[in-house]
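Below are the chains, spelled out letter by letter.
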Amino acid sequence: MKHTTPDGDGSAATQAYQSASSAQTDHQHTTTDLERFLLAVRGANDGLWDWDLAANSVYYSPRWYEMLGIAADDAPATLDTWLARVHPADRERVRKALKSFAATPQQRLTLEHRLRHDNGRYRWMLVRAAARRDANGQAVRVAGWHTDVTEDKHAEQRLRETEARYRGIFESTGDALIITDLDGVVVAANPAAWRMHGYSSERFVGAHCSTFTHPASYSQFAEFLAVCRAGNAYRYDALHVHQDGTPFPVEVHGSAFTYLGRPHALAVVRDVSEREHNVAEMEQRVESRTQTLAALLDVSRSVASTLELAPVLRLILDHLESLVGYTGASVLSLDKGQVTVLDYRGPTPRSQVVHEAYLPEQRAIFYQIAETGVAVILDDVHGDSPLAATIRERFGQRIRSIYPYMRSWMSIPLVVKGNVIGLISMQSSQPGYYTERSARIATAIAALAAIALENARLYEQAQDKAALEERQRLARELHDSVSQARYGIALGTRTARTLLDRNPAQASEPLDYVLSLTDTAMEEMRALILELRPESLEREGLSPALRKLAEAIQHRQRLIVQAHVCNEPEIPVESKQALYRIAQEALHNAVKHAHATTLDLTLETAADTVTLTVADDGAGFDPGGNFPGHLGLRSMRERMTRLGGDLSITSAPGKGTTVQATLPIHSG
């Protein structure tokens, strides 16, 4: 019976069916079975082929030709038509597979290979076939299908490439990638994971995560698993443990993950030990920098707290020792080609260092270093550097006798307004002790020290000038008062001498006048000596000294001086001297510049302060302007500032002046 199909392939399909059914059974099938087979063939969209080995003929269905883009008339129905289109790399394998299937009893043939399309491209084909065999098992007829699986192959290739790519990432990433089941057992891990924890792959995979999780992080890991069971992501910081027991900090990013078709947890673990170390190191550096800045602020405040040279030098050496460190250190002055050691601290006696003179070639080295304007570091004076050789050549004997302990050395210029005024020389018994950081700190201290030293120098000059001016003033007043008294005494004596010859009874009056002038001169002398050197401050105290000062001014200047002085205040001698000098200066200004007729001098104490007030009814002035005696007022302010006190001046033209100085009783 002959059946036809809608695609005109009925005869071929019938023959293929009959051939295939003959290979399986010799029974006759019903028309229904044949129709079912033909429908299945059409639905499969495959190309059929039938190889009759006995007749040595081959049949290809129209769909087989269509799959390859060729016409049946253009390609003879032979086995070579098929084999000729097989990819060269597959051809021999296909040939052997067909030959083996025909020669040996096998139930089915399944084979994949590439077949050339008419457009020149190769298509992947899945070959499936069955055979009818003779009594010896030799195939007499083979029939089968070609199924185009090119897209499946491409999809597989893409999948393999994707898998390879992700496998490469998985294997090569520096972070640990750990896949666990939802109970916390490791089912897969990359090399970074087991290396990070110090395990082999065999020992790591299959272990429970508690094996390498620090007990302090158990609760976080349990929460991580719970979040993954809910299908969410989780991030936490934890402690993991190396196989040798060493804990290390990690950062964990994890989420739910499907692995081998089942829910798992994927954890990306990063060792943050280095980051933690860097953070700690950075915090330490910030803390160190903060401490250094705070210390430098303290240096600034302390060196600015005094204008006297010796305390400034001590403070400079104190701060250099605490912030930089040294075995010995000197502060040197450079002036007009000379080098002077202002102060020294170290194991060598100070007098030996300060009084040691420098030779011209040694002074030249200091000036050359100063001209660089930057810190100079010598790691080892016994080293091979050119500077070390020069230092040994110029200072060899001095090093052996005065600085035998010195191995490393640092010199920092003291610069004020672009001018080098000195050097700081620091020596250490340790080679390589001084670093760039040491130089930065020392340079910062040196900048503050230079200003403080210059201020101290200017203050000393001002003090010397003020002392000279005061001595000159006292000399003038001494000359004027004594000269007047001496002239009067001489005149009275001559008059008395004349009267003694003429009328002795009248000689008593000029003699009384001479005695009066003598008493007045003695009072003047005592007052001037008191102003020059108030020794009674230490013997008798501030209050008596102020009373004597008021009496002396009143007697000498023929002014009204009202003194209201309290009992002796409990303050240091330095504070008493400052208040006495302020009283002197204020009274002197009132007499010399304000032309006052009445002066009020008051000393009073409160709970924690002592206050000196000098008021006059003189001409007054504008405290904000330039006026006679302004240098003296500045000196008053400096005295109060140095002692932590306060000075106020109230005045206006034509309204007199009030100077008030207040000191804390606890000062000093």
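In the block above lies the structure referred to throughout.
Residues numbered from 1 in each chain as written. Predicted model: local features only at pLDDT ≥ 70, side-chain atom pairs only at ≥ 80, totals over all residues. Heavy atoms only, no water.

## Thoughts on the nonpolar core
Membership of the largest hydrophobic core comes to 36 residues, with the highest contact counts inside it found for Leu546, Leu579, Leu599, Leu603, Leu612 and Met640. Sorting the residues of this core by element identifies helix H18 (542–557), strand E16 (560–565), helix H19 (573–592), strand E17 (598–605), strand E18 (609–616), helix H20 (630–642), strand E19 (646–651) and strand E20 (657–664) as the ones contributing at least two each. A total of 8 residues in this core trace back to one element, the largest contributor, which is H19. With 27 residues, the next largest nonpolar core counts Trp51, Trp64, Val94 and Phe101 among its residues. (Core = buried A, V, L, I, M, F, W, Y, C linked by side-chain atoms within 4.5 Å. Buried < 20%, exposed > 50% of the residue type's maximum accessible area, 1.4 Å probe, protein only. Helix = DSSP H or I, 4+ residues; strand = E, 2+ residues; numbered from the N terminus.)

## Some details on unusual backbone geometry
Glycine aside, negative phi is the norm for most residues, and most peptide bonds take the trans geometry. The residue Asn56 is not glycine, and still its phi comes out positive at about 55 degrees. Secondary-structure assignment places Asn56 in the loop between strand E1 (47–52) and strand E2 (57–60). Notably, Lys336 is not glycine yet its phi reads approximately 55 degrees, a positive angle. Relative to the assigned elements, Lys336 resides in the loop between strand E11 (328–335) and strand E12 (338–345). A residue is classified by how much of its surface remains accessible, and Lys336, at 78% relative accessible area, is exposed.

## As for the sheet that holds E11
A sheet is described by the order of its strands in space; here 5 strands give the open sequence E12-E11-E15-E14-E13, paired in antiparallel fashion. At either margin of the open sheet sits one strand with a lone partner, and together these are E12 and strand E13 (376–378). Taking the axes of each pair of neighbouring strands and ignoring which way they run, one obtains an average angle of 20 degrees across the sheet. Examined bridge by bridge, E11 and E12 share 7 bridges and lie antiparallel to one another. The partner of Ser333 across the bridge, within E12, is Thr340. Helix H11 (residues 309–323) rests against E11, E12 and strand E15 (419–428) of the sheet, and its axis sits at about 65 degrees to E12. (Pairing = 2+ DSSP bridges. Axes fitted to C-alpha atoms, helices over the stretch in contact; angles between N-to-C directions. Contact = heavy atoms within 4.5 Å.)

## Quick look at the sheet that holds E19
In space, the 5 strands of this open sheet follow the order E16-E17-E18-E20-E19, with mixed pairing throughout. With one partner strand each, in any of the chains shown, E16 and E19 form the two edges of the open sheet. Neighbour-to-neighbour, the strand axes of this sheet turn through a mean angle of 10 degrees, independent of strand direction. Relative to E20, E19 is paired through 6 bridges, and the arrangement is antiparallel. For Leu647, the partnering residue across the bridge sits in E20 and is Ala661. Of the strands in this sheet, E16, E17 and E18 are in contact with H18, which crosses E16 at around 170 degrees.

## Some remarks on the environment of Ala265
With respect to the helices and strands, the residue Ala265 is situated in strand E10 (residues 262–271). Residues Ala265 and Val186 lie 79 residues apart in sequence; the distance between their C-alpha atoms is 9.4 Å. If we skip the residues at most four places from it in the chain, Ala265 touches Ile178, Ile179, Thr180, Leu182, Phe224, Leu225, Cys228, Ser255 and Phe257.

## What to know about the pattern of salt bridges
Applying the stated criterion across every chain, the model contains 18 salt bridges. Residue Lys153 is joined to Glu112 by a salt bridge in which the shortest nitrogen-to-oxygen separation is 2.7 Å. Residue Lys153 is found in helix H6 (residues 150–172), and its partner Glu112 is found in strand E3 (residues 109–116); the two are separated by 41 residues along the sequence. Given the relative accessible area of 29%, Glu112 is considered partly exposed. Bridged by salt links that share partners, the residues Arg235, Asp237, Glu251 and Arg275 form one connected network. (Salt bridge = Lys/Arg side-chain N within 4 Å of Asp/Glu carboxyl O.)

## As for the packing of helix H13 (residues 360–372) against helix H14 (residues 386–401)
Two elements in contact, H13 and H14, have axes separated by 10 Å at closest approach and are oriented at 130 degrees. The pairing of H13 with H14 is recorded here as oblique in orientation. Our pair here, H13 against H14, has a crossing hand that is left-handed. Across the interface between the two elements, Glu361, Gln362, Ile365 and Phe366 from H13 touch Thr390, Ile391, Arg394, Phe395 and Arg398 from H14. (Parallel < 35°, antiparallel > 145°, perpendicular 65-115°, else oblique. Left-handed = near helix turned anticlockwise from the far one by under 90°.)

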